[in-house]
Amino acid sequence: MAAEERKRVAVLGAGLIGVDLAGKITRSSKLELALVAGRRDSLGLRRAAERGHRTTAGGVRAVVEAGAFDVVFDATNADSHAEHWAALRPTGTTLIDLTPTGLGTVTVPGVKGHGSAAHRHLNLVSCGGQASIPILHAIAQRCTPTYIEVVSTGASASAGPATRLNLDQYIATTSAAIRTFTGSREAKVMVNISPARPAPPFRVAMTVLADNFRPAPVRTSIAAAADAVRAYVPGFKVTSLAVDPGRIQVVVEVTPSGRHLPRHAGSVDIINAAAVLLAEQSAASR
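Being a predicted model, the structure only gives us computed values, none of them experimental.

Draft legend 1. Just helix 1 (residues 16–26), in detail. The buried fraction of helix 1 amounts to 8 of the 11 residues, a majority that puts the element mostly inside the structure. Those residues of helix 1 lying buried are Gly 18, Val 19, Asp 20, Leu 21, Ala 22, Gly 23, Lys 24 and Ile 25.

Written out as structure tokens, the structure is:
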């Protein structure tokens, strides 16, 4: 896509997620970053400006006043998202929600054939959802899960104020999305924020209880799902896999591949990579 055909996009939010997202957008051949909007002067907003991005501390109002955007990314917090969608909906933009509100069309780009790019209000569940659901969906194609448990562990240094504020929404939204993508009636989600030093990598451990499955096809499906995610998140890998009668256990880790994120911030890397891929797909579909 030629430079003049790139879709004009804005990032709402200038925390760790928003600033890294801005950097990923600038490396896209299909998207043009026109604005990074914070709600106040902040270190993140200053860092975005230092990297050459156009910035404003005017929040969603400034985004609306800046003219038409093809895509706006909401990297703020779940409590503010409904207000942002209300303000942006009349503009005709596609809003990609990186907060765990559960509003909009729930989307996981790593699930093959799950096309939601044509919708205008898209929700990316959570970092744990983006890491686990492609694997769990693949397993569910080979068996009928009766119970799913997902435990996400992330470094304290990569969990900003909005992440901590939204933990209840994170758990509820991720649980609901897992049930939707797997058909399991019961899904339990837990989150560990670790203060350990050195900071641990972002890790997601999954346990699936199911009957009447063959181990070899399950392993093949998990490997294929991991490859699909790795196509846009190079640092995604399965670090442990046990397929036993009645029980499947999988552990994945995500290590950032970009220049600016520390190695423990895989949670930021995976949801931002999913957001950029989704925006590129949305641009192509429209």
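Next comes the rest of the description.
Draft legend 2. Focus on the sheet that holds strand 3 (residues 55–56). As summarised here, the arrangement of the 7 strands in space is 3-2-1-4-5-7-6, forming an open sheet in which the pairing is parallel. Only two strands of the sheet have a single neighbouring strand rather than two, namely strand 3 and strand 6 (105–106).

Draft legend 3. Summary view of the packing of helix 5 (residues 127–140) against helix 7 (residues 167–182). Orientation of helix 5 relative to helix 7, taken along the N-to-C sense of each, is 20°, at an axis distance of 9 Å. Regarding the angle of helix 5 to helix 7, the classification is roughly parallel. The hand of the helix 5/helix 7 crossing is right-handed. Two secondary-structure elements touch here, helix 5 through Cys 127, Gly 128, Gly 129, Ser 132, Ile 133, Leu 136, His 137 and Ala 140 and helix 7 through Tyr 170, Thr 174, Ala 177, Ile 178, Phe 181 and Thr 182. Residue composition of the contact of helix 5 with helix 7, grouped by class: 8 nonpolar, 6 polar and no charged.

Draft legend 4. Focus on a positive patch on the surface. Where like charges cluster on the molecular surface, the positive patch consists of Arg 27, Arg 47, Arg 51 and Arg 259. Considering the arrangement of structural elements, one finds Arg 47 in helix 2 (residues 43–50).

Draft legend 5. Broad picture of the sheet that holds strand 11 (residues 236–244). Taken in spatial order, the 5 strands make up an open sheet running 9-8-10-12-11, and their pairing is mixed. Each edge of the sheet is formed by a strand with only one pairing partner; in this case those strands are strand 9 (187–194) and strand 11. Looking at each pair of strands side by side, their axes are set apart by 10° on average, direction ignored. Helix 5 contacts strand 8 (144–155), strand 10 (202–211), strand 11 and strand 12 (247–254) of the sheet and is inclined by roughly 30° relative to strand 10. Helix 7 contacts strand 8 and strand 9 of the sheet and is inclined by roughly 140° relative to strand 9.

Rules and cut-offs
Residues numbered from 1 in each chain as written. Predicted model: local features only at pLDDT ≥ 70, side-chain atom pairs only at ≥ 80, totals over all residues. Heavy atoms only, no water. Buried < 20%, exposed > 50% of the residue type's maximum accessible area, 1.4 Å probe, protein only. Helix = DSSP H or I, 4+ residues; strand = E, 2+ residues; numbered from the N terminus. Pairing = 2+ DSSP bridges. Axes fitted to C-alpha atoms, helices over the stretch in contact; angles between N-to-C directions. Parallel < 35°, antiparallel > 145°, perpendicular 65-115°, else oblique. Left-handed = near helix turned anticlockwise from the far one by under 90°. Contact = heavy atoms within 4.5 Å. Nonpolar A, V, L, I, M, F, W, Y, C, P; charged D, E, K, R; others polar. Patch = residues over 30% accessible without salt bridge, like charges linked within 9 Å, V, L, I, M, F, W, Y side chains within 5 Å. Areas by Shrake-Rupley, 256 points an atom, 1.4 Å probe, with all protein chains shown as cover. Salt bridge = Lys/Arg side-chain N within 4 Å of Asp/Glu carboxyl O. Lys, Arg positive; Asp, Glu negative; His and termini not counted. Charge placed at Lys NZ, Arg CZ, Asp CG, Glu CD.

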